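Given next are the chains, with one letter for each unit.
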Amino acid sequence: MNALDLLKERGFVKQITFEDELYKAFDEGMVSFYVGFDPTADSLHIGHYIPIMAMAHLQKAGHKPFALMGGGTGMIGDPSGKSDLRKVLTVEDIDSNVAHIKKQMESFLDFDPQLPNRAEIVNNADWLRDLNYIDFLRDVGALFSVNRMLTAECYKQRLERGLTFLEFNYMLMQSYDFLELNHRHNVTLQCGGDDQWSNMLSGADLIRRKDGKPAFALTFQLLLTHDGRKMGKTEKGALWLDPNKCSPYDFYQYWRNVDDQDVEKCLGLLTFLPMEEVRRLGALKDSAINEAKRVLAYEVTKNVHGEEEARKAQQAAEALFGGGALSGSVP
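## With respect to the overall build of the protein chain
Counting secondary structure elements, the protein chain contains 16 helices and 8 strands. For 331 residues, the compact-globule estimate of 2.2 N^0.38 gives 20 Å, and the protein chain sits close to it at 20 Å. Judged by the C-alpha coordinates and their principal axes, the protein chain covers about 65 × 45 × 35 Å. Considering only residue pairs separated by 6 or more positions, the protein chain has 76% of its internal contacts joining residues 24 or more positions apart. About 15,400 Å² of surface is accessible on the protein chain, with carbon and sulfur atoms providing 48% of the total.

Rendered as structure tokens:
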């Protein structure tokens, strides 16, 4: 199966540029791709887990993932989806967060140096922090239309309340990341959440316009409930991947209590189960759907926290609730 079809079958794909060309690229050999992670905290959360799972699937299909740490862009802050200016972090905080996130990433991707498509972690601080701004404006800024940038979805909400010039630079910086990764590592595909679509389009466009080379953008579905609400929020806060911020038991119980209508989608996106099994579990009805929810909770917790913690969380939940869902808990 073409890697793009694999992602589509599991429910990842939202938008693609130059789809026919990208299909061909996946058919012809190894594609180097990247996903960016801005270090706004010292842990990834469940929203990051969707692109991480997609990266893992693509790597298993023979393609090469780069996890880009935003040690440079994190000093600006992405305005996408934010109604207010992000908190400005110190360089020390950013570097500390990057170190924590790097460690987490090693649990999800294969970094074996013997693999031709081994995962690699890179940091845009390497090229952004010492960037000459005048040279950057002449070389990259001249290729961007302000009129077009102002129509981007990532800026619309902020324009009504006030968009700083600092944040306005973010799109250029992210696009420059793609250009640098293309030059340094022959990366031709940027992936990420669908809220990054405008930024990703600009990056692919920059490479095509500046170098005349193929470049692609592929966005993934955001993790939403069947009625459009954001998943991953609990009474205690975000669903962090760090066990010190969200215990494996609380993490397990969250997935044990998802709405019946969201089970099949979550199984496809958040686990490595074969799609035949995903469809079988997703088709269960009434009380039988509890089997699917137990499988979902166990598999996701195993992927994030390991098999032992998943087993302990499952045993604790079933001891307390007899295998049933936690009463009153709503994702």
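## As for the environment of Pro243
Along the chain, Pro243 falls in the loop between strand S8 (237–238) and helix H12 (248–256). Taking relative accessible area as the criterion, Pro243 reaches 44% and is therefore assigned partly exposed. Along the sequence, Pro243 and Met105 sit 138 residues apart, while their C-alpha atoms lie 14 Å from each other. Excluding residues within four positions of it along the chain, Pro243 makes contact with Pro248 and His305.

## A word on the nonpolar core
Of all hydrophobic cores here, the largest spans 70 residues; its most connected members are Phe37, Met105, Leu189, Leu218, Phe251 and Trp255. Ranked by the residues each element gives to this core, the list is headed by helix H3 (residues 46–60), at 9 residues. Every residue in contact with Phe251, bar those within four places of it in the chain, is listed here: Ile46, Leu239, Trp240, Leu241, Cys246, Val300, Thr301, Val304 and His305. The next biggest cluster of nonpolar side chains, apart from the first, holds 28 residues, and it includes Trp127, Met149, Leu179 and Ala204.

## Thoughts on the sheet that holds strand S2 (residues 32–37)
Taken in spatial order, the 6 strands line up as S1-S6-S5-S2-S3-S4 in an open sheet, and their pairing is mixed. Of all strands in the sheet, those bounded by a partner on one side alone are strand S1 (13–16) and strand S4 (120–123). On average, adjacent strands in this sheet sit at an angle of 25° to one another, irrespective of strand direction. Across 3 bridges, the pairing between S1 and strand S6 (residues 216–220) is antiparallel. Paired with Val13 across the two strands is Phe220, which belongs to S6.

## Concerning a nonpolar patch on the surface
Side chains of Tyr133, Leu137 and Phe165 sit close together on the surface and give an oily, nonpolar patch of about 300 Å² of accessible area. Relative to the helices and strands, Phe165 is located in helix H9 (residues 165–168).

## A short note on the pattern of salt bridges
Throughout the structure, instances matching the rule amount to 19 salt bridges. The closest approach of N and O atoms between Glu28 and Lys24, which form a salt bridge, is 3.9 Å. Here Glu28 and its partner Lys24 are both found in helix H2 (residues 19–28), 4 residues apart, which amounts to about one turn of the helix. Given the relative accessible area of 61%, Glu28 is considered exposed. A salt bridge links Asp227 to Arg229, with the nearest nitrogen and oxygen atoms 3.3 Å apart.

## A look at helix H4 (residues 91–105)
Compared with the 21 Å implied by 1.5 Å per residue over 15 residues, the 21 Å span of H4 between its first and last C-alpha is a close match. Elements that come into contact with the buried residues of H4 comprise S2, H3, strand S3 (64–69) and S4.

## Let's talk about the packing of aromatic side chains
Applying the stated criterion across every chain yields a total of 7 aromatic pairs. Ring centres of Phe136 and Tyr176 lie 5.3 Å apart, and the angle between their planes is 85°; this geometry places the pair in the edge-to-face category. Note that Phe136 is positioned in helix H6 (residues 133–139) and Tyr176 in helix H10 (residues 170–185), a separation of 40 residues in sequence. Of the two residues, Phe136 and Tyr176, both sit in the buried class. Among the aromatic residues, those joined into a ring-pair cluster are Tyr133, Phe136 and Tyr176. The ring of Phe272 carries the charged tip of Lys60 above its face, separated from the ring centre by 5.0 Å. One cation-aromatic arrangement involves Arg208 over Phe18; the distance from NZ or CZ to the ring centre is 3.5 Å.

Rules used in this analysis
- Residues numbered from 1 in each chain as written.
- Predicted model: local features only at pLDDT ≥ 70, side-chain atom pairs only at ≥ 80, totals over all residues.
- Heavy atoms only, no water.
- Helix = DSSP H or I, 4+ residues; strand = E, 2+ residues; numbered from the N terminus.
- Rg over C-alpha atoms; globule rule 2.2 N^0.38 Å.
- Contact = heavy atoms within 4.5 Å.
- Areas by Shrake-Rupley, 256 points an atom, 1.4 Å probe, with all protein chains shown as cover.
- Buried < 20%, exposed > 50% of the residue type's maximum accessible area, 1.4 Å probe, protein only.
- Core = buried A, V, L, I, M, F, W, Y, C linked by side-chain atoms within 4.5 Å.
- Pairing = 2+ DSSP bridges.
- Axes fitted to C-alpha atoms, helices over the stretch in contact; angles between N-to-C directions.
- Patch = residues over 30% accessible without salt bridge, like charges linked within 9 Å, V, L, I, M, F, W, Y side chains within 5 Å.
- Salt bridge = Lys/Arg side-chain N within 4 Å of Asp/Glu carboxyl O.
- Expected span 1.5 Å × (residues − 1).
- Phe/Tyr/Trp six-rings, centres within 6.5 Å; stacked < 30°, edge-to-face > 60°.
- Lys NZ or Arg CZ within 6 Å of the ring centre and 35° of its normal.

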